[in-house]
Amino acid sequence: MSLYSEYLKEIEVRKNELGLHPKPIDSAELLSEIIAQIKDTGNAEREASLNFFIYNTLPGTTPAAGVKAKFLKDIVTGAETVAEITPEFALELLSHMKGGPSVEALLDIALSDDANNAAAGEVLKSQVFLYEADTSRLADAFKAGNAIAKDILESYAKAEFFTKLDDIPEKIKVITYIAAEGDISTDLLSPGNQSHSRADRELHGLCMISPEAQQEIKKMGEENPDAKIMLIAEKGTMGVGSSRMSGVNNVALWAGEKTSPYIPFVNNRPVVAGTNGIAPIFLTTVGVTGGIGLDLKNWVQKKDENGNIVRDANGDPVLEEAYSVKTGTVLTIDTKAKKLLDSEGNVLVDVSSAFTPQKVEFMKAGGSYAVTFGKKIQTFAAETLGIEAPVVYASSKEISHEGQGLTAVEKIFNRNAVGVKSKTPLHAGSDVRVKVNIVGSQDTTGPMTCQELESMAAATISPSVDGAFQSGCHTASVWDNKAKANTPKLMAFMNAFGVITARDPKGVYHSMTDVIHKVLNDITVDDRAIIIGGDSHTRMSKGVAFGADSGTVAIALATGEAAMPIPESVKVTFKGQMKPHMDFRDIVHATQAQMLKQFNGENVFQGRVIEVQIGTLLADQAFTFTDWTAEMKAKASICISTDETLIKSLELAKSRIQIMINKGMDNEAGMLQKLIGLADKRIAEVKSGEAPALAPDDNAKYYAEVVVDLDAIDEPMIADPDVNNEDVSKRYTHDVIRPASYYDGRKVDLGFVGSCMVHKGDMQIIAAMLRNLEKNGPITFKAPLVVAPPTYNIVDELKAEGDWDILAKYAGFIFDDAHPKEAARTKYENQLYLERPGCNLCMGNQEKAEAGDTVLATSTRLFQGRVVEDSAEKKGESLLGSTPMVVLSTILGRFPTLEEYKAAVEGINLTSFAPPSKDLARPAIPLKAV
């Protein structure tokens, strides 16, 4: 049977079973058959083949794009003749293919003596996805006196690919659609349990919100063709939680604009909004698509006649509506005045933060990629021509305050800044390009990152990236048909691209499912590094890390750069002494609770960098804090460390990297070995005093300062989704932090210890608790306990040190890599499950608790339906706590009393913390740039 016949069968299945259009083509072999049928003028499938070729073939560097570009080139040059595709139309189709083989074909024509060379040159003037091989050809042709090459370069130097685009409309009419009340997790827009379909954009679009919502949005769009549908998080923040390009893609698919008539199911320019704005990661993703993200401020804190905040019975501020955005409300965005207007033209709120010069450029260009590449092409062209590039793009915002010191994040950005003109250090608010040192891609967004790389015609990793890793942790728990179909393909692509991969396409080393954040934490070997990762929990305890969408990850891999404003910072220090029965996880939760109390319910962490002085903790342990900052809605976090602790953390990182090398994971470029060299260099700098551990200046300026009182933390602290709160907007926010005594013996249906919030010490705590408790007789579990170690090396170390033995003694299930689970568990026995390293229950895309369960977990996720779904009888709830609290609760089948808890952990060295004896800020010294 031919590939084309198989494709037709697949089309019928998609149409009849799912109501979908034909899947876009990325196969070179299939497209070759289609082209053969186009050439055969008598072929019965010729008309259909033409439509598939023109409208349903993926662009960029896909195998199919290479075949399509060659055939179009042959049509332009006259080597092939197709009545329906004239040379002019062939050039138009090449112009929409976005780069890679299409640019190569255009250059072949433009730099030849072909009759259409000038026309091809005109098309090239609109292209921005050029790489070194392309720019080198242009430069060589220009030096050889080629007039068309000179013409193209002159156009590039003027950035006509940008200046000739239409400006954004001065007035944009929108119709509101409230997607949900409260914070909207990206799980609502792109559920984790549908991650397998993200690369199939039309299919994945069916999972957004609900089928009913999709049809309502579609109907509103059809009834209001002159308006855009604006999706809103009422009384909440839009796009919290995981960083998902797929979430924005889905919004754009239902409520955006078609990017090109020749690129299937790729839309852009959506409009989203939230009462409390847009989550930082999600806002970056909106920029990738050239969309608009608004901070509505339509609910405000109510105040009494004396100006005091009015509070409800729980002590939370009462909100009152400033203006209505109920579904169906007609509003206007005035992009020139930067105001949101009602139907009568009255100003409702200032939205200038959504229309900075840089964001407007993204909107005009249809996305941030075109701006990023455009700037590089303009610089190249001007340098090749020997002229100064005219100022076309908005100047980088460079803010410098004389006499003001630098925060830690300001120091990192200044050190890594690219193309800065200022002679003095830059402060928060400056908009800069920065070198990215470490990049991480995870396996449920990885297929989309591959698509993004293909669409921007990238073929290999930027040589300026120090380290990059592709994980397999998000699909670790179940090796089902979806994982078997997606994961090997993903690993092969990334491995060939130059990324260290968890799975070896050649089968030389054992497949790893280590949690990506732990691996990135290990391969970050400089506390001044910038890390970009495809997950909101990319929050390293060395350097500063930003969770990002799959597209931003692709940009970082392809260019070694990222562009963003220098964020404001919040300083967090500690006073008092941590009690011996407390675990550091309790301190993390208490930090959030105390911050909200100190600032009258205002989350001063949101959208800012938390600079936390936990410098006595090794990177593994400190990660528990930095990781949780995603749930604090912070943009990032930086651990301020002492010199001694930093050196120990770097030595630990070196040992972990060496393990990866010993397993055979290094690539031909020797990326891992080079990281060890960088670690040695950093250690030498710290030891010699040449460059001590990163620390802020003592005269740095912070948005706020939070002091956490350790003496006030006397019992375990639980993060609660508060599922029964009468105010829907206050459920599932991560902001409800309660002492364990609040739960007073409440039943626990399942416990989970695992994912990125735990480290080797947590596994040792479980072993120590089992030894403690078995002194009183045999241990029986009254609720299931699922344990997923973060990495394989932790399992190996536990086995070597003996702690794995007691875990295995009480385990009713132990993972077996030779025979991994092929189906997700739906029922649990009251026993210990030792699961494969990876994310497991935290992801919600494979394993889940039973519907309606009360789960107590070390996870970070308490979103509705993530770890546990609701049943008909009861709401599922994912309560978050420390490892010892989770373990004891599953043995008892309920929350313990404080006395029971203290007895169970007596004599155990929990993850403890003693704050630095003094403020780690230092007197300002001149900054050394890269």
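Only a predicted model underlies this, so the values are computations on that prediction, with no experimental measurement involved.

K.L.:
What exactly am I supposed to notice about empty space enclosed by the protein here?
P.N.:
To find leftover empty space, a probe the size of one water molecule is rolled over the atoms. The final tally for this structure, using the stated rule, is 13 cavities of 30 Å³ or more. Approximately 170 Å³ is the volume found for the largest cavity. Residue lining of the largest cavity: 19 residues in total, with V240, G241, A279, A630 and K633 positioned closest to the centre. Of all elements in the fold, only β4 (238-240) and α15 (280-288) reach the threshold of two or more residues within the lining of the largest cavity. Partitioned by chemical class, the residues of the lining of the largest cavity number eight nonpolar, seven polar and four charged. Considered as a void within the structure, the second largest cavity measures approximately 140 Å³ in volume. Lining the second largest cavity are F469, M512, D514, V519, D522, R656, I659, M660, K663, M665, T791 and N793. Of all the elements in the fold, those that place two or more residues in the lining of the second largest cavity are α21 (516-523) and α25 (643-662). Counting residues per element, the lining of the second largest cavity draws most heavily on α25, at three residues. Here the lining of the second largest cavity is composed, by residue class, of six nonpolar, two polar and four charged.

K.L.:
For this particular structure, what's the right way to read the side chain of T860?
P.N.:
Mapping T860 onto the fold places it in the loop between β32 (854-857) and β33 (877-880). The exposure class of T860 is buried, given its relative accessible area of 1%. Polar side-chain contacts of T860 include one of 3.3 Å to the side chain of H537. Non-local contacts of T860, meaning those with residues more than four positions away in its chain, are made with H537, D627, W628, E631, H734, M757, C842 and L880.

K.L.:
What's the story with the pairing of strand β1 (residues 171-181) in this structure? I'm lost.
P.N.:
Consecutive side chains along a regular strand alternate between the two faces of the sheet. Looking at chain direction, β1 and strand β11 (residues 330-334) are connected through five bridges and run antiparallel. Note on β11: the bridge partner recorded for K173 is T332.

K.L.:
Would you explain unusual backbone geometry in this entry?
P.N.:
One can expect most non-glycine residues to show negative phi and most peptide bonds to be in trans. A positive phi angle, near 60°, is found at F265, a position not held by glycine. Residue position: F265 is located in the loop between β5 (257-258) and β6 (267-268). When its relative accessible area of 18% is taken as the criterion, F265 is described as buried. Phi at K338 takes a positive value of approximately 60°, unusual for a residue other than glycine. Relative to the helices and strands, K338 resides in the loop between β11 and β12 (339-341). Overall, the relative accessible area of 27% leaves K338 in the partly exposed class.

K.L.:
Where do I start with the environment of I566 in this structure?
P.N.:
Relative to the assigned elements, I566 resides in the loop between β21 (561-565) and β22 (569-575). Residues within four places of I566 in sequence aside, it is in contact with E410, F413, L426, H427, A428, G429, S430 and V432.

K.L.:
It is not clear to me how helix α9 (residues 147-157) should be interpreted in this structure. Could you clarify?
P.N.:
Since there are 3.6 residues in each turn of an α-helix, residues three or four apart along the chain are aligned in direction. Those residues of α9 lying buried are I148, A149, I152, L153, S155, Y156 and A157. Buried-residue contacts for α9 involve α6 (101-110), α7 (117-124), α8 (132-143), α10 (160-163) and α17 (368-385). Where α9 begins, the side chain of N146 points an oxygen toward the backbone nitrogen of I148, at a separation of 2.9 Å. Directly after α9, the chain includes A159, whose backbone phi takes a positive value near 55°.

K.L.:
Looking at this structure, I do not really get the nonpolar core. What am I missing?
P.N.:
Here is a general trend for soluble globular proteins: nonpolar side chains tend to be buried in one another's company. Core analysis: the biggest nonpolar cluster contains 235 residues, and F53, I85, F469, L557, F574, F605 and I614 have the highest contact counts within it. Apart from the residues within four sequence positions on either side, I85 is in contact with L50, F53, I54, L72, I75, A90 and L93. Counting residues in hydrophobic clusters, the runner-up holds 25 residues, among them M208, A227, I229 and V251.

K.L.:
Explain the pairing of strand β20 (residues 544-547) to me, please; I cannot follow it from the model alone.
P.N.:
A two-sided burial pattern is seen for β20, the buried positions comprising V544 and F546 on one face and A545 and G547 on the other. Pairing of strand β19 (residues 530-533) with β20 involves four bridges; the strand directions are parallel. Of the residues in β20, the one forming a bridge with I530 is V544.

The rules behind these values
- Residues numbered from 1 in each chain as written.
- Predicted model: local features only at pLDDT ≥ 70, side-chain atom pairs only at ≥ 80, totals over all residues.
- Heavy atoms only, no water.
- 1 Å grid on protein atoms, 1.4 Å probe; cavity = no way out; pocket = protein on both sides within 12 Å on 5 of 7 lines; lining within 4 Å.
- Points joined across faces, edges and corners; volume = space filled by probe spheres on them.
- Helix = DSSP H or I, 4+ residues; strand = E, 2+ residues; numbered from the N terminus.
- Nonpolar A, V, L, I, M, F, W, Y, C, P; charged D, E, K, R; others polar.
- Buried < 20%, exposed > 50% of the residue type's maximum accessible area, 1.4 Å probe, protein only.
- Polar contact = N/O pair within 3.5 Å; in protein donor to acceptor, adjacent residues only side chain to side chain.
- Contact = heavy atoms within 4.5 Å.
- Pairing = 2+ DSSP bridges.
- Core = buried A, V, L, I, M, F, W, Y, C linked by side-chain atoms within 4.5 Å.

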